[in-house]
Amino acid sequence: MTDATFWANRRVVVTGGASFLGRYIVRKLRERGCQDVFVPRAAEYDLREKDAIIRMYRDARPDIVIHAAARMGGIGANLARPGDFFYDNAIMGIQLVEQARQFGVGKFVYVGTVCSYPKAPPVPFKEDDLWNGYPEETNAAYGIAERMPIAQLQAYRKQYGFNGICLLPVNMYGPGDNFDPTTSHVIPALIRKISEAKEQGLRSITVWGTGAASREFLFGGYGRRNCACQ
Amino acid sequence: MTNPNAQPDSAFWVTRRVVVTGGAGFLGRYVVKKLAERGCQNVFVPLAEEYDLREKDAIVRMYEDAQPDIVIHLAAIVGGIGANRENPGSFFYDNAIMGIQLIEQARLHGVEKFVCIGTVCAYPKYTPVPFREEDLWNGYPEETNAPYGLAKKMLLVQLQAYREQYGFDGIYLLPVNMYGPGDNFDPETSHVIPALIRRMSEAKEKGLESITVWGTGFASREFFYVEDAAEGILLATEHYEIPEPVNLGSGAETRIKDLVELIAELVGYEGEMEWDTSKPDGQPRRMLDTTRAKEEFGFEAKIGLRQGLERTINWYEQQIGEPDD
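Residues numbered from 1 in each chain as written. Chains lettered and ligands numbered in written order. Predicted model: local features only at pLDDT ≥ 70, side-chain atom pairs only at ≥ 80, totals over all residues. Heavy atoms only, no water.

Draft legend 1. Region of interest: the overall build of chain A. Helix and strand counts for chain A stand at eight helices and seven strands. Since a compact globule built from 230 residues should have a radius of gyration of about 17 Å, the 19 Å found for chain A is in line with a globular shape. In terms of overall dimensions, chain A has a C-alpha envelope of 60 × 40 × 35 Å along the principal axes. Every one of the 230 residues in chain A was classed for burial, and the buried ones make up 49%. For chain A, the accessible area works out to roughly 11700 Å², and carbon and sulfur atoms hold 52% of it. For chain A, the separation between the mean place of its 29 positive charges and that of its 23 negative charges on side chains is 3 Å. (Helix = DSSP H or I, 4+ residues; strand = E, 2+ residues; numbered from the N terminus. Rg over C-alpha atoms; globule rule 2.2 N^0.38 Å. Buried < 20%, exposed > 50% of the residue type's maximum accessible area, 1.4 Å probe, protein only. Areas by Shrake-Rupley, 256 points an atom, 1.4 Å probe, with all protein chains shown as cover. Lys, Arg positive; Asp, Glu negative; His and termini not counted. Charge placed at Lys NZ, Arg CZ, Asp CG, Glu CD.)

What follows is the structure in structure tokens.
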């Protein structure tokens with residue numbers, strides 16, 4: 001059941017609120033009657049910096065933080081810059097959680113990533129398997145960095161009674177997705193390719209692989225953003 | 001390239017400036033002493049009062065003050081089981097934020113090599129014995145130490161990612177539990193060896209006829225003499241440049257029962273041992289596979305348990321003003 005009264009008097013920060021998933025979260029918050037949604041923009045708040053996080057929390061005074069921001073790229077970028085992706089995501093997550101605790105935030109909702117799962121867990125992936133192996137190599141640095149707030153929030157709940165929860169959305173698609181042919185994921189890539197083929201009257205198009213592999217697709221209203229790892 | 005015959009390399013240290021975080025701690029003092037023995041002229045130990053290494057500004061200031069070529073990151077914020085259980089959040093945060101920023105700022109400051117000392121607590125709770133480095137990611141650590149273990153383990157991933165992206169030379173070592181002169185003998189927080197030495201020494205002095213020891217005595221552990229650990233760290237710093245983590249240990253497994261009997265013999269306690277089997281043994285076995293350290297940089301522990309215990313007991317008896325008889 002949706003609970004509009006839950007939101008009426010709560011101030012909410014949505015990090016990554018201008019991203020693919022974030023825009024859906026913000027829209028849904030407004031539909032739920034939330035009066036106070038604050039989306040920190042990268043230009044104004046560099047969330048890798050503790051001082052910027054403190055200023056952001058002071059400006060927004062949130063009751064709830066939904067941390068949906070992530071710095072990530074496609075497979076190419078992940079391979080080229082694993083150090084940046086590790087550092088940026090780890091430092092941002094760890095300090096957002098710590099400062100949220102210090103500011104007395106009532107609830108911290110961490111939106112993690114399916115990239116944190118081990119490379120080959122049994123299908124379907126169960127949350128209990130999250131720690132049972134190393135992630136797929138091309139996004140391991142990102143996936144491990146994104147596991148850290150999970151460990152942190154569990155420890156904070158034990159020590160401080162801090163209310164933090166962690167969600168792991170699978171790959172998403174939907175209106176507003178990235179259709180850039182060099183970095184897009186499978187659904188927008190196929191839509192664009194087939195749409196262009198139709199327009200150009202092509203008789204055939206080439207698709208990679210055997211087609212026998214399977215994936216799960218989540219409509220963009222519910223997860224974070226596409227993940228490069230699948 | 002493996003190097004099982006690597007030797008201590010004094011020339012390596014002569015012109016290099018070295019920061020040792022945690023250099024005033026138990027292991028740190030041995031590392032600093034060995035660095036001086038190797039001929040290192042410039043060892044900088046940041047003290048907590050002066051540099052709070054959880055703060056980026058303090059790290060930047062520390063690196064500017066010390067201008068290190070090499071950083072050996074030994075500092076850890078840890079407690080005994082009780083403290084770990086009560087403060088999992090702060091142990092996670094303090095160790096994670098300190099390590100991540102020390103590494104990032106080392107890269108930005110052009111540090112030539114970063115040597116990160118991890119912890120055996122990072123291994124999964126159910127790791128096949130002997131623990132191999134390949135098993136490091138195959139499960140969640142033992143719960144009481146998990147936040148600390150995970151915070152330290154993520155630094156391995158950071159160093160691996162930095163090597164790939166920036167060619168930054170970071171290595172990661174996993175020493176098993178250490179003992180030796182200078183260890184913590186506080187009965188509230190001490191580990192098994194200093195705790196047993198103290199109790200038996202006190203029992204002997206008071207002429208007690210028996211003491212009680214927890215568990216069955218059949219669990220086994222690996223005990224690593226602290227000076228050997230320091231030597232392993234320096235050898236790795238000199239000779240190892242590969243992203244894969246390396247265990248450091250004595251390579252010997254000892255049953256608790258045998259440990260207790262050996263300490264009794266060396267202390268000269270002649271009373272009985274009563275095993276309280278209602279108390280837990282903990283993990284049945286814990287020992288590292290130390291093959292990689294031998295193959296990659298020629299490290300093997302030199303001080304056996306008997307010799308290490310003798311030195312430790314001597315030191316303890318001097319501390320309490322009771323010369324060895």
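Draft legend 2. Highlighting the interface of chain B and chain A. Across the contact, 29 residues belong to chain B and 32 residues belong to chain A. Between chain B and chain A the total buried area reaches about 2600 Å² when both faces are included, carbon and sulfur atoms providing 66% of it. Considering only the side of chain B, the residues that lose the most area to chain A are Y93(B), W137(B) and Q165(B), jointly responsible for 23% of the buried surface there. The interface formed by chain B and chain A holds two salt bridges in total. (Contact = heavy atoms within 4.5 Å. Buried area = accessible area lost by both parts, 1.4 Å probe. Salt bridge = Lys/Arg side-chain N within 4 Å of Asp/Glu carboxyl O.)

Draft legend 3. Quick look at the nonpolar core. The biggest cluster of nonpolar side chains holds 106 residues, and the ones touching the most others in it are F108(A), V31(B), F114(B), I233(B) and F297(B). Leaving out residues up to four positions away in the same chain, F114(B) has contacts with Y63(B), V71(B), H73(B), L102(B), I103(B), A106(B), L159(B), F168(B), D169(B), G170(B) and I171(B). One finds A203(B), A219(B), L262(B) and I263(B) within the second-largest nonpolar core, a separate group that totals 26 residues. (Core = buried A, V, L, I, M, F, W, Y, C linked by side-chain atoms within 4.5 Å.)

Draft legend 4. Expanded view of unusual backbone geometry. In this structure, P124(A) follows V123(A) across a cis peptide bond, with omega equal to 0°. Here P124(A) is to be found in the loop between β4 (107–111) and α6 (140–145). In this structure, P130(B) follows V129(B) across a cis peptide bond, with omega equal to -5°. As for its placement among the helices and strands, P130(B) is situated in the loop between β4 (113–117) and α6 (146–166). The backbone phi angle of R61(A) is positive, close to 40°, even though this residue is not glycine. On the secondary structure map, R61(A) appears in the loop between α3 (50–60) and β3 (64–67). Among the residues examined, R61(A) registers a relative accessible area of 53% and is labelled exposed. The phi dihedral of Q67(B) is positive, around 50°, even though this residue is not glycine.

Draft legend 5. Main features of a nonpolar patch on the surface. On the surface, V186(A), L190(A), I194(A), L202(A), I205(A), V207(A) and F217(A) cluster together to form a nonpolar patch covering roughly 580 Å² of accessible area. Positionally, L202(A) belongs in the loop between α8 (186–199) and β7 (218–219). (Patch = residues over 30% accessible without salt bridge, like charges linked within 9 Å, V, L, I, M, F, W, Y side chains within 5 Å.)

Draft legend 6. Summary view of the packing of helix α3 (residues 56–66) of chain B against helix α5 (residues 88–108) of chain B. Residue and element names in this part refer to chain B. Their axes nearest at 10 Å, the elements α3 and α5 cross at an angle of 40°. When the axis of α3 is compared with that of α5, the two are oblique. Viewed along their axes, α3 and α5 form a crossing whose handedness is right-handed. Residue-level inspection shows K56, I59, V60, M62 and Y63 of α3 in contact with α5, the latter providing M98, Q101, L102, Q105 and A106. Counted by class, the contact of α3 with α5 contains seven nonpolar, two polar and one charged residues. (Axes fitted to C-alpha atoms, helices over the stretch in contact; angles between N-to-C directions. Parallel < 35°, antiparallel > 145°, perpendicular 65-115°, else oblique. Left-handed = near helix turned anticlockwise from the far one by under 90°. Nonpolar A, V, L, I, M, F, W, Y, C, P; charged D, E, K, R; others polar.)

Draft legend 7. Representation of the sheet that holds strand β2 (residues 42–44) of chain B in the model. All names here are of chain B. Strand order in the open sheet formed by six strands is β2-β1-β3-β4-β5-β10, with parallel pairing between adjacent strands. For this open sheet the edge positions go to β2 and β10 (246–248), each flanked by a neighbour on one side alone. Pairwise comparison of adjacent strand axes, ignoring direction, gives a mean angle of 20° for this sheet. α6 rests against β3 (70–73), β4 and β5 (169–175) of the sheet, and its axis sits at about 155° to β5. (Pairing = 2+ DSSP bridges.)

Draft legend 8. Representation of the state of the cysteines within the structure. Under the defined criterion, the tally for this structure stands at zero disulfides over all chains. For the unlinked cysteine C121(B), the closest cysteine sulfur is that of C116(B), found at 14 Å. (Disulfide = S-S within 2.5 Å.)

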